Amino acid sequence: MLWDREHDIPVGKVSDRNVMRRDEKNMSLKIDHITKKFGNFTALDDISLEIQDGEFLAILGPSGCGKTTLLRIIGGFEAPTEGCILKDGEIFSSKDENVPVEKRNLGMVFQSFALWPHMTVREHVEFPLNSKRCIMTEEEKRKAVDQAIEAVGLSTMEKRYPGELSGGQKQRVSLARAIVAKPSILLMDEPLSALDAELKISMRREIQNIHKLTGATIVYVTHDQSEALAMADRILIMKSGKIEQLDIPQEVYCNPRTEFAATFVSKCNLVKGKWLGNMFKVENQDVVFETEPAAKEFLVKGICPVRPEEFEISRDGNGICGDIVNRQYNGREIHYAVRTKDAIYNVYTGQGQVYNEGETIYLRKKAG
Amino acid sequence: MKSSKMKTIAGRILFSLAVCFLFIMPILSLLRMSLTTDGGFGLQNYVDMLHEERTAKAIRNTLIISVASTAIAVAAGSFFAFLNAYTNVKRKKILELLVLAPYIIPSYIITLSWSSLLLKRGFVNTMLKNMGLPVIDIYTLPGIILVIGICNIPVVYLLVVGMLRKIPRDMEWAGRTSGYTPLQTIRKITMVQAMPAIASGGMLAFLASIDNFSIPAFLGISSGIPVLSTYIYEKAISFGPDSFHKAASLSVILSFIAIGGTLLQGKLIKKNSNLESVKEDTSVRYELPTKWRRILEWGSLGVLAGFTVVPVISMIMSAFLKNYGTKFRPENLSLKNFQFVFTNAGVRQAVVNSILLAVITCMVCIVAGTATAYLKVRKNSKAAKMFESAAALTYALPGIVLALAMIFHWTVVPGVYGTVKILMIAYATRYVVLQIKGSTTAMLSVEPALEEAGRVFGAGKVTIWRKIMIPVMAKQILSSSFLIFVSSLTELTLSSMLASAGTKTIGLTIFNLQQGGDYSLSAAMSAVIVFIVFSVYSLVALVKKKDEEDAKRPKVQESSVEEVREHAVGQGA
């Protein structure tokens, strides 16, 4: 353990309704009916949720969905138009009262790294400790800086300037700067978006380690669903300033609540038809899926969300009839586009199942 | 094969010789003149010059004026830049226009305006006298400092405002989350980032003030306050024994200061270059409380209007007076000053000369500057780079020094000195570097792929230029040539030395009228110039605005396409 912060909150593989609630007033970040308007444009529309101490929350959504605005309001860079944010029961942000950013005990990591060209790596990490907010002796400061730099593996580069670092190293500096003052909340605004594919994956591990090490609450904004699924305790899916779904990753992936959540996260095909209890009859087809009922929105709209890997292709004449219109070999799996009478569906199969473009095949939903 | 190679080598040699002859030789002539003494070569001229008491006084005045006016320009320029780039003050467009006004109005007209506003028996001083306060005299060292300071605010402002907008907001936010208040963040992060731009703006302001001739000429000659530029002018036109040699040695001293400053400024600019590609962010970063916002907004507008608008209006009003210095009352008004301006043959000749010079200078600069930029950017041509360095050198020299160098160099060639040709050559050599820089920026914004695509689809060289390069670069190129046009139209420093009886310019005519005591006539002519300059400026602004609106329209369509696409994705097609 690098530092002795307690983080005894069960960080939850449990759905939000069952999250273990400690004393209402204690140790959480409560976002209460937040609305933010820019002129006539509503960026956030009545957002409410509670983030537990030590939780890793990912806010996921396409550009313009309001995720960055929400992060900025939590950070104190913007004031909400309506509603408030409570930190441990005390007002953090509201229309009239806004605790200044510098008094919030935050750390923040930016997509652009936001390093200062005139400071060395070590100076960056020392910077938060030299502010008035920090009460440490010189010795403690030195230790904290050493530890933070070591935690991100930059001990040999302390004296370098940002111009002499690679993208990944820059983001490590940014991480070290964010954690050195032991903030209770770490805000991350698309921290991996500016890095190339390979580095993204390895930096995920870095961020997970930081989370374990510090036990800080992390609010992580991203548009990349795989990042959110991989790292977060819970995922908040947003669209057009509203919450679409708030759940643990498995739930978000397997049981999407809305059409948007289904298509954005697990790339579901939206099959039209009629629900009859545990059965779904596909529209204009003599095909029935035996399946658990989907979320309410799907029952009402007569849609069954089917993930690409939940389809199975056969030549036996059972299922929705369609033609293969596109095939992409991806190594581990093969991606097919299948055109049926009514729609085009995406299907992922194992690499052994080879069908040719133009071939007529049948689609079924896998059981279970 | 061989003969074509010979040809290119011969072409290069010819080109180099031409550049040397036009740009380098005049400077060498000046240097030679400064070293020529009765007994041959030596430093005697310098020794003599530095022994004269008036030289020491001129150097001292130059330094005092340059340092103090730079301080004014840096403080005001940076302040208004911060206000406009970061805060929530309203009326930013008017604010910027007022800050930039001295950039558009020639500095001698601003000087005339101030002297008309602060006339001994004028409105302001009468009021001060009645209140028992001391009268303000603009014909003094502080007066010169104030006017030069005001005239140099725009150069600092433009550099700093661009830099401030380029500093990413994230950098400040990172400072805030590290536990620093907004003021501490400005001091520790923003100011440090903006420092190279402020220093570089200050250096340019310093150079501009040692280069400035018209302001100390209007305010300092009659009141006996010499600075280096006016002192060189006085020496050069006095035709005393070895006055040319002495003027030359003074010029060399001034040039060293100027070139040193320019090199330093170039270094400072390089420090900025890591933020060059960052997009400007014009969003509000610091929300001032309403009360403070109003105070700063109206206070700034008031001070800025006091810097230029009020004096210019006062000057225009004085142009309608029968006798200069009388009260602005119906019985004192007349149009006789304007009648003189519009009917006098000398004035008409000067206007024709200036317009002719401006047009020709512009055209020469566009062709030479754009060709050089093309060769430099696309062909990496050494000759083009040499040409640019030579042109930068003549631009770095103070105007009065360049004028003197031109005299020494071109008197050797018959049929140039004493005609309008010397002015054309002088203007083109002085301003061409601005066009090279502007065209280079334009050229860099055109990807080579655009040109290559044209070639792939079968267009010839002429077609590529006509259909691709010129349309894409036109706006940027014209914005530099607009600057050159206005500068040469209202030029004074070069023409004060190089013009002769038939080749007077607008600036020189106003200068002569003022020096001759015809204040009302010089005011009337200045009023006309202000009107013309603003008309041209408004026209350009109008065209620009229309362009921007045209450019906006397809963007809207694009974004609606985006929306449709996103919608489609959302539907999970």
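For the structure, see preceding data.
For clarity, every value in this text was computed on a predicted model and none was experimentally measured.

### Details of the overall build of chain B
Inference 1: Along the backbone of chain B there are 24 helices and two strands.
Inference 2: Radius of gyration (C-alpha) of chain B: 26 Å, near the 25 Å computed for a compact globule of 573 residues.
Inference 3: Referenced to the eigenvectors of the C-alpha coordinate spread, the extents of chain B come out at roughly 90 × 80 × 50 Å.
Inference 4: A burial count over chain B gives 43% of its 573 residues as buried.

### Quick look at the overall build of chain A
Inference 1: Regarding its fold elements, chain A presents nine helices and 19 strands.
Inference 2: Taken along the three principal axes of its C-alpha coordinates, chain A extends 75 × 45 × 40 Å.
Inference 3: Taking all 368 residues of chain A together, the buried fraction comes to 41%.
Inference 4: Taking the intrachain contacts of chain A between residues at least 6 apart in sequence as the baseline, contacts between residues at least 24 apart amount to 64%.

### Observations concerning the sheet that holds strand β2 (residues 41–52) of chain A
Residue and element names in this part refer to chain A.
Inference 1: The four strands lie next to each other as β2-β1-β4-β5, forming an open sheet whose pairing is antiparallel. Sheet topology places β2 and β5 (90–94) at the edges, where each strand pairs with a single neighbour. Taking the axes of each pair of neighbouring strands and ignoring which way they run, one obtains an average angle of 20° across the sheet.
Inference 2: Pairing between strand β1 (residues 28–38) and strand β4 (residues 82–87): five bridges, direction antiparallel. Across the sheet, the residue bridging to Ile31 is Ile85, located in β4.

### With respect to the pairing of strand β17 (residues 333–340) of chain A
Residue and element names in this part refer to chain A.
Inference 1: Relative to β17, strand β16 (residues 320–329) runs antiparallel, the two being bridged by seven bridges. If you follow Asp323 over to β17, its bridge partner there is Arg339.
Inference 2: The antiparallel hairpin formed by β16 and β17 contains three residues in its connecting segment, where Gly331 sits at a positive phi of about 90°.
Inference 3: Across seven bridges, the pairing between β17 and strand β18 (residues 344–350) is antiparallel. Counted as the bridge partner of Ala337 is Asn346 from β18.
Inference 4: If you look at the hairpin formed by β17 and β18, you'll find three residues sitting between the two strands.

### Considering the sheet that holds strand β13 (residues 288–290) of chain A
In a beta sheet, neighbouring strands pair by backbone hydrogen bonds and run either parallel or antiparallel.
Residue and element names in this part refer to chain A.
Inference 1: Ordered in space as β13-β12-β11-β14, the four strands form an open sheet in which the pairing is antiparallel. Where the open sheet ends on each side, the last strands, each with one partner, are β13 and β14 (303–306). Taken over all neighbouring pairs, the strand axes of this sheet differ in orientation by 45° on average, direction set aside.
Inference 2: With three bridges joining them, strand β12 (residues 279–282) and β13 adopt antiparallel strand pairing. The residue bridging Phe280 from the neighbouring strand is Phe289, located in β13.

### Some points on the pairing of β1 of chain A
Residues and elements named next belong to chain A.
Inference 1: When β1 meets β2, the two strands line up antiparallel, connected through eight bridges. Across the sheet, the residue bridging to Ile34 is Ile47, located in β2.
Inference 2: Counting the residues between successive antiparallel strands, the hairpin from β1 to β2 contains two residues, one of them, Gly39, with a positive phi of roughly 65°.

### Re the interface of chain A and chain B
Inference 1: Every contact between the two is made by 29 residues of chain A and, on the other side, 17 residues of chain B.
Inference 2: Elements represented by at least two residues in the side of chain A that touches chain B include exactly β6 (106–109), α8 (259–265) and β11 (269–276) of chain A.
Inference 3: Taken together, the residues of the side of chain A that touches chain B break down into 16 nonpolar, eight polar and five charged.

The rules behind each value
By convention here, each chain's residues receive numbers from 1 onward along its written sequence. Going through the entries in the order they are written, you letter the chains from A and number the ligands from 1. Per-residue local features of the predicted model are confined to residues with pLDDT of at least 70, and side-chain atom pairs are confined, for both listing and counting, to 80 or more; whole-chain, interface and lining totals are unaffected and use all residues. To qualify as a helix, a DSSP run of H or I must reach at least 4 residues; to qualify as a strand, a run of E must reach at least 2; elements of each kind are numbered from the N terminus. Radius of gyration: over C-alpha atoms. The globule rule applied is 2.2 Å multiplied by the number of residues raised to the 0.38 power. Counts of 20 or more other C-beta atoms within 10 Å of a residue's own C-beta define buried residues, counts of 12 or fewer define exposed ones, and intermediate counts define partly exposed ones; C-beta atoms are placed from the backbone. Contact between two residues is assigned when their C-beta atoms, built from the backbone, lie within 7 Å. Strands qualify as paired when DSSP identifies two bridges or more between them. Axis definition: a line fitted to C-alpha atoms, limited for helices to the stretch in contact. Angles are taken between N-to-C directions and run from 0 to 180 degrees. For this classification, Asp, Glu, Lys and Arg are treated as charged, while Ala, Val, Leu, Ile, Met, Phe, Trp, Tyr, Cys and Pro are nonpolar and the rest, including Gly, are polar.

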